[in-house]
Amino acid sequence: MTDTPYSLAELVIVACAQAWRDNGEVMATGIGPLPRIGAGLAKLTFAPAIQTTDGEVYYTSEPVGPGKRTAEPEFEGIANYDRVFSALWSGKRHALVGPVQLDRYGQANISAIGDHKKPKIAMLGARGFPGNSISHPNSFFFPNHNKRSFIEGEVDFVCMAGYNPARYVNGQPPKGLDLRIIVTNLCVMDFGGPDHQIRVVSLHPGVTFEEVQDNTGFPLAKIADEIPTTPAPTTEQLAIIAQIDPNNVRATVFKDNPAGDRKAA
Amino acid sequence: MTETMLDKRMTVDDIVDQLSDGMTIGIGGWATRRKPMALIRAIARSGLKDLTVMAGYGGPDVGILAASGKIRKLVFAFASLDHFPLEPHFRNGRQSGAFEVLELDEGLYHWGLRAGAMKLPFLPTRVGIGTDIIKQSGFDFKFVKSPYGDGEELVAMPALVPDVALIHAHRSDERGNLLTLSKDALFDELLVRAAGKSFATVEKIVSTADLDMKANSRYNLVERAMITGVAETPLGAHPTSADPDYQLDLKHIKTYVDSAASPDAWADYKAKYIDVSEADYQAAIGGADAVAALPVPIY
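Now for a look at the structure at hand. (Residues numbered from 1 in each chain as written. Chains lettered and ligands numbered in written order. Predicted model: local features only at pLDDT ≥ 70, side-chain atom pairs only at ≥ 80, totals over all residues. Heavy atoms only, no water.)

1. With respect to the overall build of chain B
Point 1. Of regular secondary structure, chain B possesses 12 helices and 13 strands.
Point 2. Radius of gyration (C-alpha) of chain B: 19 Å, near the 19 Å computed for a compact globule of 299 residues.
Point 3. Seen through its C-alpha atoms, chain B measures out along the principal axes to roughly 60 × 50 × 40 Å.
Point 4. Expressed as a percentage of the 299 residues in chain B, the buried residues total 58%.
Point 5. Of the roughly 12,000 Å² that chain B leaves accessible, carbon and sulfur atoms contribute 52%.
Point 6. When the 32 positive and 40 negative side-chain charges of chain B are each reduced to one mean point, those points stand 3 Å apart. (Helix = DSSP H or I, 4+ residues; strand = E, 2+ residues; numbered from the N terminus. Rg over C-alpha atoms; globule rule 2.2 N^0.38 Å. Buried < 20%, exposed > 50% of the residue type's maximum accessible area, 1.4 Å probe, protein only. Areas by Shrake-Rupley, 256 points an atom, 1.4 Å probe, with all protein chains shown as cover. Lys, Arg positive; Asp, Glu negative; His and termini not counted. Charge placed at Lys NZ, Arg CZ, Asp CG, Glu CD.)

2. Side note on the packing of aromatic side chains
Aromatic rings in a pair are described by how distant their centres are and how their planes are angled relative to each other.
Point 1. All chains considered together, the criterion is met by 22 aromatic pairs over all chains.
Point 2. Centre to centre, the rings of tyrosine 81 of chain A and phenylalanine 85 of chain A are 5.3 Å apart; their planes meet at 70 degrees, and the pair counts as edge-to-face. You can see tyrosine 81 of chain A and its partner phenylalanine 85 of chain A sitting in helix H3 (residues 81–89), 4 residues apart, about one turn around the helix. The same class applies to tyrosine 81 of chain A and to phenylalanine 85 of chain A, which are both buried.
Point 3. When the centroid spacing of 5.0 Å and the interplanar angle of 80 degrees are considered together, the rings of tyrosine 81 of chain A and tyrosine 57 of chain B count as edge-to-face. Within this pair, whereas tyrosine 81 of chain A is found in helix H3, its partner tyrosine 57 of chain B is found in strand E3 (residues 57–58), the two belonging to separate chains.
Point 4. Tyrosine 81 of chain A gets classed as buried once you look at its relative accessible area, which sits at 10%.
Point 5. By relative accessible area, tyrosine 57 of chain B is classed as buried at 4%.
Point 6. Ring-pair connections join several aromatic residues into one group, and the members of that group are Tyr81, Phe85 and Trp89 of chain A together with Trp30, Tyr57, Phe78, Tyr109, Trp111 and Phe187 of chain B.
Point 7. One Lys or Arg, lysine 222 of chain A, reaches over the ring of phenylalanine 209 of chain A and ends 4.6 Å from the middle of that ring. (Phe/Tyr/Trp six-rings, centres within 6.5 Å; stacked < 30°, edge-to-face > 60°. Lys NZ or Arg CZ within 6 Å of the ring centre and 35° of its normal.)

3. Thoughts on the sheet that holds strand E1 (residues 27–30) of chain A
All names here are of chain A.
Point 1. The 7 strands lie next to each other as E1-E5-E10-E11-E12-E13-E14, forming an open sheet whose pairing is mixed. A strand with exactly one partner marks an edge of an open sheet, and here the two such strands are E1 and strand E14 (221–222).
Point 2. Pairing analysis gives 3 bridges linking strand E5 (residues 93–97) to strand E10 (residues 138–142), with the strands arranged parallel. Looking at the pairing, leucine 96 lines up with serine 139 of E10.
Point 3. Lying over the sheet, helix H2 (residues 33–44) contacts E1, E5 and E10, oriented at roughly 150 degrees with respect to E1. (Pairing = 2+ DSSP bridges. Contact = heavy atoms within 4.5 Å. Axes fitted to C-alpha atoms, helices over the stretch in contact; angles between N-to-C directions.)

4. Details of the pairing of strand E13 (residues 199–203) of chain A
Residues and elements named next belong to chain A.
Point 1. Counting buried positions along E13 gives 5 out of 5 residues, so the element sits mostly inside the fold.
Point 2. Where strand E12 (residues 187–190) lies against E13, 4 bridges are found, and the strand directions are antiparallel. In the strand pairing of E13, aspartate 190 is matched with arginine 199.
Point 3. Bridge analysis of E13 against E14 gives 2 bridges, and the strand direction is parallel.

5. Description of the pattern of salt bridges
Point 1. Scanning the entire structure with this criterion turns up 24 salt bridges over all chains.
Point 2. A salt bridge links arginine 41 of chain B to glutamate 278 of chain B; the nearest nitrogen and oxygen atoms lie 3.1 Å apart. With arginine 41 of chain B in helix H2 (residues 37–45) and glutamate 278 of chain B in helix H11 (residues 278–284), this residue pair connects regions lying 237 residues apart in the sequence. This pair shows no difference in class: arginine 41 of chain B is buried, exactly as glutamate 278 of chain B is.
Point 3. Notably, a salt bridge pairs glutamate 223 of chain B with arginine 193 of chain B, separated by 2.7 Å at the nearest N-O pair. Here glutamate 223 of chain B is found in the loop between helix H8 (213–216) and strand E13 (229–232), whereas its partner arginine 193 of chain B is found in helix H6 (residues 188–194), with 30 residues between them in sequence.
Point 4. Here the residues in one salt-bridge network are Glu10, Asp245 and Arg250 of chain A, joined through shared partners. (Salt bridge = Lys/Arg side-chain N within 4 Å of Asp/Glu carboxyl O.)

6. What to know about the packing of H2 of chain B against helix H3 (residues 60–67) of chain B
Residues and elements named next belong to chain B.
Point 1. Remark: H2 packs on H3, axes separated minimally by 9 Å, with the N-to-C direction vectors making an angle of 5 degrees. It follows from the interaxial angle that H2 and H3 lie roughly parallel. Contacts between H2 and H3 involve Met37, Ile40, Ile43 and Ala44 from the first element and Pro60, Asp61, Ile64 and Leu65 from the second.
Point 2. Among the residues making up the contact of H2 with H3, the classes are represented as 7 nonpolar, no polar and 1 charged. (Parallel < 35°, antiparallel > 145°, perpendicular 65-115°, else oblique. Nonpolar A, V, L, I, M, F, W, Y, C, P; charged D, E, K, R; others polar.)

7. Things to note about the packing of H2 of chain A against helix H6 (residues 235–244) of chain A
If you want to describe how two helices pack, look at the angle between their axes and the distance between the axes.
Residue and element names in this part refer to chain A.
Point 1. For the pair H2 and H6, interaxial distance at closest approach is 10 Å and the crossing angle is 120 degrees. The pairing of H2 with H6 is recorded here as oblique in orientation. Crossing of H2 over H6 shows right-handed handedness. For the pair formed by H2 and H6, the contact residues are Ile37, Gly40, Leu41 and Leu44 on the first element and Gln237, Ile240, Ile241, Gln243 and Ile244 on the second.
Point 2. Split into classes, the residues belonging to the contact of H2 with H6 amount to 6 nonpolar, 3 polar and no charged. (Left-handed = near helix turned anticlockwise from the far one by under 90°.)

8. Digging into the interface of chain B and chain A
Point 1. Taken residue by residue, the interface counts 43 residues in chain B and 45 residues in chain A.
Point 2. When residues of chain B are sorted by the area they lose upon contact with chain A, Asp132, Lys183 and Tyr299 of chain B head the list and together hold 17% of the total.
Point 3. The interface formed by chain B and chain A contains 3 salt bridges.
Point 4. For aspartate 132 of chain B, the salt bridge identified is with arginine 167 of chain A, shortest N-O distance 2.8 Å.
Point 5. Of the residues that constitute the side of chain B that touches chain A, the class distribution is 19 nonpolar, 11 polar and 13 charged. (Buried area = accessible area lost by both parts, 1.4 Å probe.)

9. Some thoughts on the sheet that holds strand E8 (residues 142–145) of chain B
Residue and element names in this part refer to chain B.
Point 1. One open sheet holds the 3 strands; their spatial order is E7-E9-E8, and the pairing between them is antiparallel. At either margin of the open sheet sits one strand with a lone partner, and together these are strand E7 (122–125) and E8. Sheet twist, expressed as the mean angle between neighbouring strand axes with direction ignored, is 40 degrees.
Point 2. Pairing of E8 with strand E9 (residues 153–158) involves 4 bridges; the strand directions are antiparallel.

10. What about the side chain of asparagine 177 of chain B?
Point 1. Looking at the secondary structure, you find asparagine 177 of chain B in the loop between strand E10 (164–172) and strand E11 (178–179).
Point 2. Polar contacts involving the side chain of asparagine 177 of chain B include one to the side chain of aspartate 173 of chain B, which spans 2.9 Å. (Polar contact = N/O pair within 3.5 Å; in protein donor to acceptor, adjacent residues only side chain to side chain.)

11. Here's the deal with the nonpolar core
Point 1. In this structure, Phe140, Ile182 and Val200 of chain A together with Leu104, Leu113 and Leu178 of chain B are the most contacted members of the largest nonpolar core, which totals 83 residues.
Point 2. The leading source of residues in this core is helix H5 (residues 106–117) of chain B, at 6 residues.
Point 3. The contacts of isoleucine 182 of chain A, once residues within four sequence positions are left out, are Leu102, Phe140, Phe142, Phe150, Cys187, Val188, Met189, Phe191 and Ile198 of chain A.
Point 4. Counting residues in each nonpolar core, the second largest holds 53 residues, with Ala38, Ala66, Phe90 and Val291 of chain B among its members. (Core = buried A, V, L, I, M, F, W, Y, C linked by side-chain atoms within 4.5 Å.)

The structure is reproduced here in structure tokens:
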């Protein structure tokens, strides 16, 4: 712990980094600035074996942060489009992604809101979510924890498979399905409750379980009666984050770049 | 027996003349990389209609064809402008129900192309299990049980077999020996192998000797026997990139994004950038020098 002030973005980065603990030598894909910096932090601290990319086509020896670069990174290998599928189908990847909707089963949606034939809101399309979800571990980041993100019922179009027995022969999800953590602006959750129920494993400083539950469309479990507080970044972690993100892109993710400890704010 | 012609040079309009209403057209590239945009613009100004467009990794190709009313059905995994994540004309088309869709996973699309390339009816996969991809109405996904001891139930991804593939590459000779010089060859090879016929626009047609295949053969996309015609089309991928020859034009892509704001905005864009000759298009975007000066994007 530290007395150094830290932002919510930095708290989230440290929480995201935990996704890659004990994963071994996998491809680490963090979609969006905070998950990407989180993967870099993991690589530079407790998970040196993970492979991160330049965001395009090469693996790099050191993590590459978002925005302008001062020097060309050292390249370690190729991560072109074909090879990404080869790697992910083998299970040697852990992605931390930001869907638009997630439901109680961990089913995620980035395709469309409303009727799939004529959606109210058309988004990207399923991208690689279906294949990712049944091939390798996946974690999630949501910048706005609310009932539009964590919805009641099932997501409008299931892009990412989840723990919904009704969707599987004999109710058994495929072996590769492995949903890990969910980091939001309020808390960290995982799928460790009974029957993979989503549970709150830590609350960001100043946030209550009731606040999280009130902003979630389905009932949440708790890791313990007394839910731990999400660990604050250490001085060392803050220095490494600043090194990975010299452009301070992390300050632009949340409106007005709020403090990580809202009691201190 | 007809002797195969080894001079495959043609123009963009010659290629569009080979297309017909109702065809299934596969488009190569990825979002904002190496899309055959000169061909897309030519299709947009043609009389073609009711196309089934296969663009697994869609970008402004999908958007322009959607905004031009050319698409009857779209087979895709995503449509995005990458730096601008949401493709606005694709969105407008989807939200107005303007065309039918078959939405696939990126890997499932890859797998369908591979089945097509291998002349197999399908390839088994786990991809899609547990999702709404395999439950789409209007498409009856089938399953196969592994004939081996495990007995696993797998998705049978049908072959994707476009009538015609359209791709953009960097160099070719007149015989259709292609080089893609970009860092990532994407899945253009599989698309070409899966398609009935394939046409490529290329930045430059050079002599076979100038291809220097001894040094460059790893960038040789596919056997020339798979290529029906090549059209020399400098800047043919603009506003998407043909790195290392030129980068994506983010400023133009912003102009394109803004053109989705209203029918009038689209009419203005169309008048200036689509309903014109390729020479006038190039003048409108500032010419080859301006495109050559585009900065390398940061991902």
